[in-house]
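So you can see what is in the structure, the chains are spelled out below.
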Protein chains: 2
Amino acid sequence: METGVEEAKPGRPLPIARIVAPRSVAVVGASDDVGKFGGRVIHYLQKHGFPGQILPINPNRATIRGLPAFPRVSAAPIAADVAILAVPASSLEVQVADCAAAGVGACIIITGKLAEAGPEGAALQERVLTIARDAGMRLVGPNCLGIFNPVDRAMLSSSLALEEDEYAPGGIGMASQSGALMGTLLSFGRHHGARFSRCISVGNQADLGLEDFLDYLVQDDATRAVGLYIEGLRDPARFRALLRAAGKPVFIVKAGRSEAGAQAARSHTASFAGAFPAFEAICRDAGAVVLDDPQAMVLACDAAIRLAPLPAAGLGLAPIASSGGSTVTFADMLPAAGLRLATMSAATRAALGRWMPDTHIALPVDTGSFHEGTSGDGLSDCIRAFMADPDVGAVVVPMTTQPDMAGRTALFPPLGREGGKPLLYLMTAGAVGDASRAVMRAADFPFYDRMSDAIAVIRALDAAADGRARHDAPAPDRPVGCGPAPALPIGALTEGEAKRLLAAYGIPTTREVAASTADQAIEAARSIGFPVVLKGVSRVVVHKSDLGLVRLNLRDEAAVRTAFDEVMAALERAAPGAAEGCVVQEMARGEAELFLGATCDAQFGPMVLAGAGGVLVEFLQDVRTAPAPLSPHDARALIEGLRVASVLRGLRGRPAADIAAAAGVLARLSWLVADLGPRLAELDINPLILRAAGQGVIAVDARATLTEETKP
Amino acid sequence: METGVEEAKPGRPLPIARIVAPRSVAVVGASDDVGKFGGRVIHYLQKHGFPGQILPINPNRATIRGLPAFPRVSAAPIAADVAILAVPASSLEVQVADCAAAGVGACIIITGKLAEAGPEGAALQERVLTIARDAGMRLVGPNCLGIFNPVDRAMLSSSLALEEDEYAPGGIGMASQSGALMGTLLSFGRHHGARFSRCISVGNQADLGLEDFLDYLVQDDATRAVGLYIEGLRDPARFRALLRAAGKPVFIVKAGRSEAGAQAARSHTASFAGAFPAFEAICRDAGAVVLDDPQAMVLACDAAIRLAPLPAAGLGLAPIASSGGSTVTFADMLPAAGLRLATMSAATRAALGRWMPDTHIALPVDTGSFHEGTSGDGLSDCIRAFMADPDVGAVVVPMTTQPDMAGRTALFPPLGREGGKPLLYLMTAGAVGDASRAVMRAADFPFYDRMSDAIAVIRALDAAADGRARHDAPAPDRPVGCGPAPALPIGALTEGEAKRLLAAYGIPTTREVAASTADQAIEAARSIGFPVVLKGVSRVVVHKSDLGLVRLNLRDEAAVRTAFDEVMAALERAAPGAAEGCVVQEMARGEAELFLGATCDAQFGPMVLAGAGGVLVEFLQDVRTAPAPLSPHDARALIEGLRVASVLRGLRGRPAADIAAAAGVLARLSWLVADLGPRLAELDINPLILRAAGQGVIAVDARATLTEETKP
């Protein structure tokens, strides 16, 4: 066995490593006709050199493709490790039962129209699962396309992707909830010279699921990077734990990204903490990278294996090629992708100065500006200089058609390997670039057919580098004075109650005094000091400012009295009978505002959110999510990653806001939601006002909803 | 001649149509060695079947590649239409002089190290140009890669892209300031079955430039869509006029997009109206489409020719395929690209209902959910339903590997043609997809290797459809009461002066009264009515609010007096000796704010800008630019295209703001800058306050700088 997974023990259940690399395979529905599923399975097993025993199962044939055939699995001379079933749904139950009776270790069920087709199929799937469970037999699928294992030449699939001549073994392990997409990606990767270890189409996951195969791939020594296509998770907690423990790069495409945005939502937190943001947050936290494009996912897995590692996240790029057109257009595409050109060191500039006029020393480098006749040597020398430059994360070579293109191409793999940083070679031409692609395949070095592919790969490698750094950080400590929560009722809290909850976690809130009459409000304003804010209180009104229930900047007693009367009237209109009086608050002022939120995701548990404050949170969609608890350091990184962070840092000479204090509040909020867990449906601070750096922050408004009462 | 361009007349200068399709070509530096530029030129002329006369020029050879050679151009028996020069820079002048003496019509100069290399090369280029001009001989280049003309089999280039077996003629015309990039794009397009009419590498444009070839391509009947790679323009006004008159789709990649963002800028308008935004604005206005990716540009040109036209901009998409994985991931990528799924009509839903369970009727469509055995017929029927659905702009088929893939592929070209809307077929697999690609090439139908390619093409087609609609709109009328401008001094205007300028164009501004003393300020506040705003006046202070020179919401006389004293003191600190007193203004309130700006771009003349107002303009970079003048309709479209437009329309039940009135102001501002032209360096209204719909807008602050005084 090439894997680090324990050797199969006698008896059941068969370990996944043995299902992926079986010693014997029964093909139920085997045929000489490659137009049929079973015909293709046996054809591909042979074509790709399966070294174990193949047992064709077909009641009507004595031999199939030169092999002795058997009428049923139980009639074969040995109990196969694995049976592959590509039979009509109507005969599936009988065949699985026969496999179970024969002592087969696992069934890979290609047959579809099971649970995905409706209640009838779901019932059949359940019966099949029961048969397997009772016999201690594992299932892969149903409705899957099987397993590709180039390492052991075990191609257990009917996928047309196996029409490719050969899949040389490599390090990319994949598990996918779409078999057709997976097959397509294998062929796509192969074009680029990317090579795979084991790829598993999990189908309906009646028994073995994505988490099981992720567990296997993480432990598998042959697998050096993992790609996952996920539609939904069965065991989110296990998934998260596996990602955290992976110790190898994991790149993920998750279906349903666009649904999150479409969900109607009652309040901020619910609308921003939908399934996808929470999924992405726990992946980022665990060091895994979520992409939107399955093709980019495969290229990223390959780059993580075959390119030198990116030294760190956030570094610059050094594009160099013989075409100003290709290097400039590549450079122009960087800002929109969140990437940048490197800032060259003096040593790098000096190295470039040996080959080109001083006036031309700038990134991107067009080697057309080199002194006459120095192109090849100059190119190598410049790339070596980039590789040594601390601000260069990766070198990018967007080649265009040129004389001796394949010969020139051969320069790059040694330069990339010697330099110890990623070198991304682009060959964007069509067939005239094929000789160069062949050079790269022969050198076992990646190439990219699109500028956009190279950019997607760099983004993914950058995110992976960021993930590695996060992975090495210690677990967060609980700040002093964090909790416990006070006793509070179930349901929507008043603003005052929500602020008591915040205060119990050391989060500063505005001073406030309740007032049931105008005179009380004036008395409260005097004690707090003018100007003040007056707000109507009701558990049932969510968006107070929309209904005129918030009056800011009241500067004298007359203004407070008028505001009190108007707010009480508005409150009675908005929520008849549910008015709970008013509160008078200090009028907080600062440099900037943030929205902070907390929620307990149904799949992944406690989450915090941060975004642009006030009304901006709604239209900017500038919100980031992280699992709770998190350290002040990670809280700060979350806030610094917002687009609104440029405002917080002080725009156009304005004072910088107290980002450190805001990060401290976000960290405390993360402990609050971590402690309360699902008891906290949602909590918003909007806005948190940030004063100038060093002067702290204050929560001006807060809302929260509890699913059960808290006790101190 | 296949073109609509007039036939070459006897004598000079030779028209471009004849340079692109010459009857005779002299190759200076001709060689049997395809390792040399001149060797490749003659090899490619022969290989691609040049039908005219080829005259090899080489002093040391009697024949080259089977053709009689001549020692110099003037020694050849005829004066060639075109001479191609791939000679060292040192001999260029002599050779060009010889061509001139021989009566050659045009020289295509591949030779580099001319103006692009420094002053010495620039001087040589100038001398060569003088020789040509004196003789009435045209030049293409130098430092170019020549001309590809598959229509006339005139491949006048040394580009390795000509190693491809054949370039069948087609409708894509291209002009490029990068020859290497152009050659690469030709080969890239050829892979996809895209076909070209004429492609010109313009090089250093010593004589003929990009605008000349654009003029030619626009008139050329063989060219049905134009692709341009532009680094800089020589004649922006002519370029713009050509785009406006093109009458065929034009797709453009412009180098330097990222520089605009990097420019340090003194004020808003200067920073947002940098070269790239103005370039993009005039292209959009003329109906042309600017993209960031040269590969996408070629695919967009091809799609505009070979796919049915997109009926209109802003329509939805209908993805359908046999893989849930590919259709869902494609759908997930749409929102980030500004695209959306279609909303199916009842008729479409009914059509889908014939093939799948009701529970599965939704976009994207996975044909795996069709009833057993109905896949092919159901697919065709669903696509026909999509083609008839008014909200469907295009059908997208993200194919994955599947049985009989090539046979299935053949279904799509007829469905796409019959439907009359774009059908985008994706084949994202590697070599196993090649049979399907061959089917598409044979059917003369586009295919896409990447999901991201298809998305880029749809975006480009959508922008082109939007451009067509704009192109058909009448020229804007001048609103009543627009101008003339009052007499104003050169340089930075005071706020009051800037507002007088606005008022002369019918733009409402806040009432204001100047005050030199606190008593005058109080008197002014009384006449305007409390609350008021008080501002310090100085020509030399740009960002007043940053320096405490703006006091809002002054509610009584005491507040006005205090504010006056403080502002005058701050003004004296900020601009010693340059204080011009204060102004007292009405305190305007509304639902939302916008920034509106005007400037006169150095290349493209009068421009207006609109963006999110207040401090947001700086960090959101949510600004759009349009050439002036523009109609209220186009002004509204510009504002509606801002991300902040969702706030203006009324977020979360707030009243909608008066967008129509804001558009009216932007249109008036566009006439102001159109009238003043370069006399107006810049003008900002920030903020323009928008009241609730129907209640108008008001310019609260304005700044302007004139380059010369205005006279009434």
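It should be emphasised that the depicted structure is a prediction, and the values quoted were computed from it without experimental measurement.

A.B. asks: Is there a simple way to think about the overall build of chain A in this case?
C.D. replies: In terms of helices and strands, chain A carries 25 helices and 29 strands. Of all 712 residues assigned to chain A, the portion counted as buried reaches 59%. Taking the intrachain contacts of chain A between residues at least 6 apart in sequence as the baseline, contacts between residues at least 24 apart amount to 70%. For chain A, the computed accessible surface area is about 25000 Å², with 52% contributed by carbon and sulfur atoms. Averaging the coordinates of the 66 positive side-chain charges in chain A and doing the same for the 76 negative ones gives two points 1 Å apart.

A.B. asks: Just to check I follow, could you spell out the relation of the copies chain A and chain B for this structure?
C.D. replies: Put simply, the second copy of the chain is the first one after a rotation about an axis and a shift along it. Here chain A sits on chain B after a turn of 180° about the axis and a move of 0.1 Å along it, with an RMSD of 0.1 Å. Viewed as a symmetry operation, the transformation between the two copies matches a two-fold axis. Residues of chain A ranked by C-alpha distance from the rotation axis are headed by Ser452 of chain A, positioned 4.0 Å from it.

A.B. asks: What is the right way to look at the packing of aromatic side chains in this model?
C.D. replies: Two aromatic rings, taken as a pair, are described by how far apart their centres are and by the angle between their planes. In this structure the tally under the stated criterion is eight aromatic pairs over all chains. Note on Phe412 of chain A and Tyr425 of chain A: the rings are 5.7 Å apart at their centroids and 45° apart in plane angle, and the pair reads as tilted. Here Tyr425 of chain A lies in strand 18 (residues 423–427) and Phe412 of chain A lies in helix 16 (residues 412–419), a separation of 13 residues in the sequence. For the pair Phe412 of chain A and Tyr425 of chain A, a shared accessibility class is recorded, and that class is buried. Seen from their ring centres, Phe239 of chain B and Phe279 of chain B are 5.7 Å apart, and the 20° between their planes marks the pair as stacked. With Phe239 of chain B in helix 7 (residues 236–245) and Phe279 of chain B in helix 10 (residues 275–285), this residue pair connects regions lying 40 residues apart in the sequence. For Phe239 of chain B, a relative accessible area of 0% gives the class buried. On the accessibility criterion, Phe279 of chain B (0% relative accessible area) is buried.

A.B. asks: I tried to follow the pattern of salt bridges on my own but got confused; where do I start?
C.D. replies: Should their charged atoms come close, side chains of opposite charge can pair. Evaluation of the coordinates by the stated rule reveals 70 salt bridges over all chains. Between Asp152 of chain A and Arg198 of chain A there is a salt bridge; the shortest N-O distance is 2.6 Å. Remark: Arg198 of chain A occurs in strand 11 (residues 196–201) and Asp152 of chain A occurs in the loop between strand 8 (147–149) and strand 9 (154–156); sequence separation between them is 46 residues. The class for Asp152 of chain A is buried, based on a relative accessible area of 17%. Its relative accessible area of 0% is what places Arg198 of chain A among the buried residues. As a salt-bridge pair, Lys499 of chain B and Glu512 of chain B come within 3.3 Å of each other at their nearest N and O atoms. Here the residue Lys499 of chain B occupies a position in helix 19 (residues 495–504), and Glu512 of chain B occupies one in strand 20 (residues 512–515), the gap between them amounting to 13 residues. A relative accessible area of 4% means that Lys499 of chain B is categorised as buried.

A.B. asks: I tried to follow the environment of Gly506 of chain B on my own but got confused; where do I start?
C.D. replies: All names here are of chain B. The topology assignment puts Gly506 in the loop between helix 19 and strand 20. Gly506 sits 50 residues away from Ala456 along the chain, and the two C-alpha atoms are 42 Å apart. Excluding residues within four positions of it along the chain, Gly506 makes contact with Gly481 and Arg668.

A.B. asks: Honestly, the sheet that holds strand 17 (residues 392–399) of chain B in this entry has me stumped. Any pointers?
C.D. replies: Two orientations exist for strands paired in a sheet by backbone hydrogen bonds: parallel and antiparallel. Residues and elements named next belong to chain B. Pairing in this open sheet of four strands is parallel, and the strands run 16-15-17-18 from one edge to the other. Each edge of the open sheet is held by one strand with a lone partner, namely strand 16 (365–366) and strand 18 (423–427). As judged from the four bridges shared by strand 15 (residues 316–321) and strand 17, these two strands associate in the parallel manner. Paired with Gly316 across the bridge in strand 17 is Val392. Strands in contact with helix 12 (residues 324–333) are strand 15, strand 16, strand 17 and strand 18; relative to strand 15, the strand with the most contacts, it is inclined by about 165°.

A.B. asks: Any chance you could explain the packing of helix 13 (residues 346–353) of chain B against helix 14 (residues 375–388) of chain B here in plain terms?
C.D. replies: Relative orientation and spacing of two packed helices are given, respectively, by the angle between their axes and the distance between those axes. Residue and element names in this part refer to chain B. Here helix 13 crosses helix 14 at 180°, and the two axes come no closer than 9 Å. Comparing the axis directions of helix 13 and helix 14 gives the class roughly antiparallel. In this structure, helix 13 uses Thr348, Ala351 and Leu352 to contact helix 14, whose residues at the interface are Asp381, Cys382, Ala385 and Phe386. Here the residues of the contact of helix 13 with helix 14 are counted per class, giving five nonpolar, one polar and one charged.

A.B. asks: Just to check I follow, could you spell out empty space enclosed by the protein for this structure?
C.D. replies: Over the atoms rolls a probe the size of a water molecule, and its path tells where empty space is left. Residues and elements named next belong to chain A. Summed over the entire model, instances satisfying the criterion amount to four cavities of 30 Å³ or more. Empty space within the largest cavity amounts to approximately 50 Å³. Forming the boundary of the largest cavity are Ile320, Ala321, Ser322, Thr367, Leu379, Val397, Met399, Gln402, Arg408 and Phe412. Here the lining of the largest cavity is composed, by residue class, of six nonpolar, three polar and one charged.

A.B. asks: How should I be thinking about the interface of chain A and chain B in this particular structure?
C.D. replies: Many descriptions give the size of an interface as the accessible area lost when the pieces come together. Each side of the interface is counted separately: chain A has 76 residues, and chain B has 76 residues. Summing both sides of the interface, chain A and chain B together bury roughly 5800 Å²; the carbon and sulfur share of this comes to 55%. One can count two salt bridges joining chain A with chain B. Applying the counting rule to chain A against chain B returns 27 residue pairs in polar contact (both at pLDDT 80 or more). Those elements giving two or more residues to the side of chain A that touches chain B turn out to be helix 5 (179–191), strand 13 (250–254), helix 8 (257–262), helix 11 (294–306), helix 12 (324–332), helix 18 (451–471), helix 22 (616–620) and helix 24 (645–648) of chain A. Split into classes, the residues belonging to the side of chain A that touches chain B amount to 26 nonpolar, 29 polar and 21 charged.

A.B. asks: How do you make sense of the pairing of strand 13 (residues 250–254) of chain B when you look at a structure like this?
C.D. replies: Where a strand is regular, its side chains alternate between the two sheet faces. All names here are of chain B. Across the five residues that make up strand 13, a large majority, five, are buried. Burial along strand 13 is two-sided: the residues Val250, Ile252 and Lys254 and Phe251 and Val253 are all buried. By the bridge criterion, five bridges tie strand 12 (residues 225–230) to strand 13 in an arrangement that is parallel. Residue pairing for strand 13: Tyr229 is matched across the bridge by Val253.

Analysis parameters
- Residues numbered from 1 in each chain as written.
- Chains lettered and ligands numbered in written order.
- Predicted model: local features only at pLDDT ≥ 70, side-chain atom pairs only at ≥ 80, totals over all residues.
- Heavy atoms only, no water.
- Helix = DSSP H or I, 4+ residues; strand = E, 2+ residues; numbered from the N terminus.
- Buried < 20%, exposed > 50% of the residue type's maximum accessible area, 1.4 Å probe, protein only.
- Contact = heavy atoms within 4.5 Å.
- Areas by Shrake-Rupley, 256 points an atom, 1.4 Å probe, with all protein chains shown as cover.
- Lys, Arg positive; Asp, Glu negative; His and termini not counted.
- Charge placed at Lys NZ, Arg CZ, Asp CG, Glu CD.
- Least-squares fit on C-alpha atoms with pLDDT ≥ 70 in both.
- Phe/Tyr/Trp six-rings, centres within 6.5 Å; stacked < 30°, edge-to-face > 60°.
- Salt bridge = Lys/Arg side-chain N within 4 Å of Asp/Glu carboxyl O.
- Pairing = 2+ DSSP bridges.
- Axes fitted to C-alpha atoms, helices over the stretch in contact; angles between N-to-C directions.
- Parallel < 35°, antiparallel > 145°, perpendicular 65-115°, else oblique.
- Nonpolar A, V, L, I, M, F, W, Y, C, P; charged D, E, K, R; others polar.
- 1 Å grid on protein atoms, 1.4 Å probe; cavity = no way out; pocket = protein on both sides within 12 Å on 5 of 7 lines; lining within 4 Å.
- Points joined across faces, edges and corners; volume = space filled by probe spheres on them.
- Buried area = accessible area lost by both parts, 1.4 Å probe.
- Polar contact = N/O pair within 3.5 Å; in protein donor to acceptor, adjacent residues only side chain to side chain.

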